[in-house]
Each structure stands twice: as C-alpha cells, then as structure tokens.
Amino acid sequence: VGVDNMCILVHAVKRQPDCLDLEERLSTALVEVGPFITLASLAEVLAFAVSAINPMPATRVFSMIAG
C-alpha cells in the first residue's frame, strides 16, 4: 500500500464513530475506501507499465521496477 493510500485509509478510520471497536472501525473504513484504493493502485501500475515502453534506458528500467 502506497503512502497516499495509507493516508486515505487513516483519514477514513478517523471519520468512524468512536463507539465502535478498532476492528469494526477498520472494517467499515476499508469498505468505504477499498474500491478507491484498488482503482488508484491499478492506475499507478498501468501508468508505470505504459512508461516502460519509453526508449530512454533509465526511465524504462525505473518504470519496470516501480510497476
């Protein structure tokens, strides 16, 4: 999980009611932001995969490793 996604998850957990125990708060937060995190991660992998066809060797290697 990337840093951006972790911040989104932490923010979602903080928005949950305090009356819930930790497991319920985490579960509800994951249900709320899980689809967004999945789509963001897939978009990131796709962007690096497309960038891996770049003819510059340094950019191509970085994209293949990061993707």
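For the structure, see preceding data.
Residues numbered from 1 in each chain as written. Predicted model: local features only at pLDDT ≥ 70, side-chain atom pairs only at ≥ 80, totals over all residues. Heavy atoms only, no water.

Turning our eyes to something else, we now look at the overall build of the protein chain. Along the protein chain, the regular secondary structure elements total three helices and zero strands. For the protein chain, the α and β elements follow one another from N to C terminus as α-α-α. The C-alpha atoms of the protein chain give a radius of gyration of 17 Å, which is well past the 11 Å a tight globule of 67 residues would have. The dimensions of the protein chain, computed from C-alpha atoms along their principal axes, are 55 × 15 × 15 Å. (Helix = DSSP H or I, 4+ residues; strand = E, 2+ residues; numbered from the N terminus. Rg over C-alpha atoms; globule rule 2.2 N^0.38 Å.)

Time to look at the packing of helix H1 (residues 3–14) against helix H2 (residues 22–51). The interhelical angle for the contact between H1 and H2, taken along N-to-C directions, is 155°, at an axis separation of 9 Å. One way to sum up the angle between H1 and H2 is to call them roughly antiparallel. When the axes of H1 and H2 are compared, the crossing they make is right-handed. Note on element contacts: H2 touches H1 through Arg25, Leu26, Ala29, Leu30, Val33, Phe36, Ile37, Ala40 and Ser41, opposite Asn5, Ile8, Leu9, Ala12 and Val13. In terms of residue class, the contact of H1 with H2 is built from 11 nonpolar, two polar and one charged. (Axes fitted to C-alpha atoms, helices over the stretch in contact; angles between N-to-C directions. Parallel < 35°, antiparallel > 145°, perpendicular 65-115°, else oblique. Left-handed = near helix turned anticlockwise from the far one by under 90°. Contact = heavy atoms within 4.5 Å. Nonpolar A, V, L, I, M, F, W, Y, C, P; charged D, E, K, R; others polar.)

Turning our attention to the pattern of salt bridges. The final tally for this structure, using the stated rule, is one salt bridge. Residue arginine 15 pairs with glutamate 32 through a salt bridge whose shortest N-O separation is 2.0 Å. Taken together, the residues arginine 15 in the loop between H1 and H2 and glutamate 32 in helix H2 connect sequence positions 17 residues apart. Look at glutamate 32 and you get partly exposed, because its relative accessible area is 40%. (Salt bridge = Lys/Arg side-chain N within 4 Å of Asp/Glu carboxyl O. Buried < 20%, exposed > 50% of the residue type's maximum accessible area, 1.4 Å probe, protein only.)

That's the geometry; what it means functionally is another story.
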